Amino acid sequence: MRVLALDTATPYLTLGWWGERRAECSIRLERRQAEEIWPFLRTFLDRLNVKLKDIEALVVGQGPGSYTGIRVAVALAQGLSRGLQVPLVGVDSLAGVASRYPLPVLVALTAPKGALYWARYQDRGRRVIQAPQVTPVSELPEGPWVLDQPPSGLGLARLGSELLSQGVQGVQPLYL
């Protein structure tokens, strides 16, 4: 299945392609994802020689993270899903970060007012040990942990593909 993954819940714009060829990219845009997502997506797909009609499924990072950032990717993914008539599934953005790590890891993202969004995963983000939550920095549990890393586009695509193969669809934005 040819899957496009996208995430803008963090300060990064992250894209992933899971198909015959696999690719991913992340660029730190802070709060400019809404203006930049479409040009970056077009360039990303053009470099892979992929047309919109080639997309068979979509995966979107559903947070936690920036309220506006979550909405940017979710809105684009929903529009593409409906327009292309392909399935869509949401994956926790923090699981996309954890997908890089084979051992149990606590993934944290800076949140407003001295807090952190965090969750603990194992098996490359497939299994949640502690669900996403928000706490003050001083209350972050023991590590090992990673802080403020972008989700893996390939990790999001892989996690989403696994969910889709189990018949799971839909997005539930995670606003904490």
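Structure first, text after, so check above.
This section reports on the structure supplied with the text. None of these values were measured; they are calculated from a predicted model. (Residues numbered from 1 in each chain as written. Predicted model: local features only at pLDDT ≥ 70, side-chain atom pairs only at ≥ 80, totals over all residues. Heavy atoms only, no water.)

### A look at the packing of aromatic side chains
Aromatic ring pairs are described here by two measures, namely the spacing of the ring centres and the angle between the planes.
Phase 1: In total, this model carries one aromatic pair according to the counting rule given.
Phase 2: For the pair Y67 and Y175, a centre-to-centre distance of 4.7 Å together with 45° between the ring planes defines the contact as tilted. Residue Y67 is located in helix 2 (residues 67-84), and its partner Y175 is located in the segment after helix 4 (153-165); the two are separated by 108 residues in the primary sequence.
Phase 3: The exposure class assigned to Y175 is partly exposed, which follows from its relative accessible area of 38%. (Phe/Tyr/Trp six-rings, centres within 6.5 Å; stacked < 30°, edge-to-face > 60°. Helix = DSSP H or I, 4+ residues; strand = E, 2+ residues; numbered from the N terminus. Buried < 20%, exposed > 50% of the residue type's maximum accessible area, 1.4 Å probe, protein only.)

### Details of the sheet that holds strand 8 (residues 127-136)
Phase 1: The four strands are arranged 8-7-6-9 in an open sheet whose pairing can be described as mixed. Taken across any chain shown, the strands that pair with only one partner, and hence form the sheet edges, are strand 8 and strand 9 (145-147). Between one strand and the next, the sheet's axes are offset by a mean angle of 20°, whatever the strand orientation.
Phase 2: Pairing analysis gives three bridges linking strand 6 (residues 105-111) to strand 9, with the strands arranged parallel. By the bridge assignment for strand 9, A108 is matched with L147. (Pairing = 2+ DSSP bridges. Axes fitted to C-alpha atoms, helices over the stretch in contact; angles between N-to-C directions.)

### Quick notes on the sheet that holds strand 1 (residues 3-7)
Backbone-to-backbone hydrogen bonds pair the strands of a sheet. The strands run either parallel or antiparallel.
Phase 1: Here we have five strands laid out as an open sheet, ordered 3-2-1-4-5, and mixed in their pairing. Taken across any chain shown, the strands that pair with only one partner, and hence form the sheet edges, are strand 3 (22-28) and strand 5 (88-91). Strand-to-strand twist across the sheet, computed as the mean angle between neighbouring axes with direction ignored, equals 15°.
Phase 2: Summarising the sheet, strand 4 (residues 57-61) and strand 5 pair through four bridges and their orientation is parallel.

### Describing the side chain of S93
Phase 1: On the secondary structure map, S93 appears in helix 3 (residues 93-98).
Phase 2: Discounting chain neighbours no more than four positions away, the residues touching S93 are D7, A9, G61, Q62, G63, P64 and P151. (Contact = heavy atoms within 4.5 Å.)

These results come straight from atomic positions and should not be treated as a statement about function.
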